[in-house]
Amino acid sequence: MNYCDLAPSYIRSIAPYQPGKPISELERELGITGIVKLASNENPLGASPAAVAAMQEAIKTIALYPDGNGFDLKDALVKRYGVTHANVTLGNGSNDLLELAARAFLTPGDKVVYSAHAFAVYALASQAVGATGISVPAAKGYGHDLPAMLKAAKDNKAKIVFIANPNNPTGTFLSADELEVFLRGLPPEILVVLDEAYNEYLPEDKRYDSVSWLKEFPNLIISRTFSKAYGLAGLRVGYALAHEQVTDMMNRVRQPFNVNSVAQAAAVAALRDVSFVKKTFELNRRGMLQITEGLTKLGLEYIPSFGNFVAFRIGNATAMYRRLLELGVIVRPIANYDMPDWLRVSIGLESENAKFLSALEKCINQQVNGEIK
Ligand SMILES: *Cc1c(COP(=O)(O)O)cnc(C)c1O
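Within an unreviewed UniProt entry, the label attached to the protein chain reads Histidinol-phosphate aminotransferase 2, and the organism entered is mine drainage metagenome. In UniProt, the protein chain has this text filed under Cofactor (unreviewed entry): "pyridoxal 5'-phosphate".

A. Geometry of the nonpolar core. Val113, Ile163, Phe182, Leu220, Phe226 and Leu241 are the most contacted members of the largest nonpolar core, which totals 59 residues. Sequence-distant contacts of Leu241, defined by excluding residues within four places in its chain, comprise Tyr81, Val83, Asn87, Val88, Val211, Leu214, Leu220, Ile221 and Ile222. Phe105, Val121, Tyr122 and Val129 belong to the second largest nonpolar core, which has 32 residues in total.

B. Just a nonpolar patch on the surface, in detail. Residues Met1, Tyr3 and Leu6 make up a contiguous nonpolar surface patch of roughly 440 Å² in combined accessible area. Inspection of the secondary structure puts Tyr3 in the segment before α1 (9-12). Judged by its relative accessible area of 59%, Tyr3 is exposed.

C. The arrangement of the sheet that holds strand β12 (residues 342-346) in detail. What the 3 strands build is an open sheet, ordered β9-β12-β11; its pairing is antiparallel. The open sheet has two edge strands, β9 (309-313) and β11 (332-333), and neither has a second partner. In the packing of helix α12 (residues 317-326) onto the sheet, the strands contacted are β11 and β12, and the crossing angle to β12 comes to about 35°.

Reading the values: the criteria
- Residues numbered from 1 in each chain as written.
- Predicted model: local features only at pLDDT ≥ 70, side-chain atom pairs only at ≥ 80, totals over all residues.
- Heavy atoms only, no water.
- UniProt positions renumbered as here; feature names shortened; annotations may be inferred.
- Core = buried A, V, L, I, M, F, W, Y, C linked by side-chain atoms within 4.5 Å.
- Buried < 20%, exposed > 50% of the residue type's maximum accessible area, 1.4 Å probe, protein only.
- Contact = heavy atoms within 4.5 Å.
- Patch = residues over 30% accessible without salt bridge, like charges linked within 9 Å, V, L, I, M, F, W, Y side chains within 5 Å.
- Areas by Shrake-Rupley, 256 points an atom, 1.4 Å probe, with all protein chains shown as cover.
- Salt bridge = Lys/Arg side-chain N within 4 Å of Asp/Glu carboxyl O.
- Helix = DSSP H or I, 4+ residues; strand = E, 2+ residues; numbered from the N terminus.
- Pairing = 2+ DSSP bridges.
- Axes fitted to C-alpha atoms, helices over the stretch in contact; angles between N-to-C directions.

Pasting the structure below:
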């Protein structure tokens with residue numbers, strides 16, 4: 001028998017998530033070292049030394065189950081954001097929170113709205129519970145078309161709208177004003193998951209206080225992560241802030257120990273290490289300039305990005321991606337985001353960015369000489 005047939009049709013039709021290629025895999029395949037991975041929007045500075053120290057300390061009690069309520073981490077978040085413990089859900093990465101929102105509120109046949117070219121997990125999490133995703137065509141410049149998303153949500157009586165700000169893989173940004181207009185227009189029974197995975201990378205003049213909106217919009221779920229600016233992607237920890245009833249429902253479907261004890265301890269320390277996040281921000285700002293100037297010099301179009309990555313348009317993208325791999329540089333193809341002519345590169349250290357740009361230049365020259373098919 002075919003065991004796939006035992007799964008519901010909406011599970012069978014899920015297209016698996018395609019992660020960035022791990023360095024170790026490329027090392028095995030090509031037998032080379034010195035590989036630069038700019039494929040998963042990771043922090044090139046690593047993690048905060050304070051977080052590393054906290055992890056080493058936490059390992060001493062690894063035989064014990066974690067605090068299933070994550071008191072210390074919630075407390076640190078409560079103090080930072082002026083919410084209560086009843087507003088916080090902890091997640092095994094913020095992917096977990098996107099799934100918890102889907103599992104808590106969606107039932108087969110429910111409608112979910114998100115933007116074309118938006119983070120792939122919105123579709124995956126919705127489909128996994130049998131909900132129907134509605135992908136709304138992007139606005140000019142690949143950004144979310146919020147007025148069109150509002151209309152789609154109302155017309156289809158959607159249960160959840162997912163918004164990424166900034167969005168991955170496009171890096172596009174929605175202003176606080178645009179978001180507030182959207183939230184005001186939305187009926188209160190439609191939930192909004194505002195995914196702010198790259199919040200810490202926003203330039204000063206673009207920052208906004210979404211947490212303060214929770215009072216006015218009880219249907220709002222804000223999700224954040226320690227994977228990006230905090231440099232803890234391998235540890236898997238994120239959090240959601242929402243109305244206490246929404247939080248209650250999300251916590252009911254949560255695994256009791258979804259965030260391990262090492263991750264909880266590291267996240268508390270990381271949150272306190274404000275200077276590390278600042279250093280990360282500054283490095284990213286400089287690196288973004290380095291890479292976008294380099295792309296311009298190479299005559300390539302890119303989408304202005306507010307995250308720690310940038311998408312650029314390049315002919316023959318799949319072949320170029322493979323050729324870059326051979327040169328020891330891993331970037332991310334985004335054909336699965338309906339952007340087959342684009343690649344996404346994460347901002348790395350200055351030397352990594354330079355290696356990427358020179359490898360890219362080489363690829364383009366080879367392309368011009370007809371050496372890449
Ligand atoms: C990276 C990313 C996340 C977070 O992933 P986790 O590691 O699970 O926290 C969430 N949303 C977007 C848009 C991302 O790019």
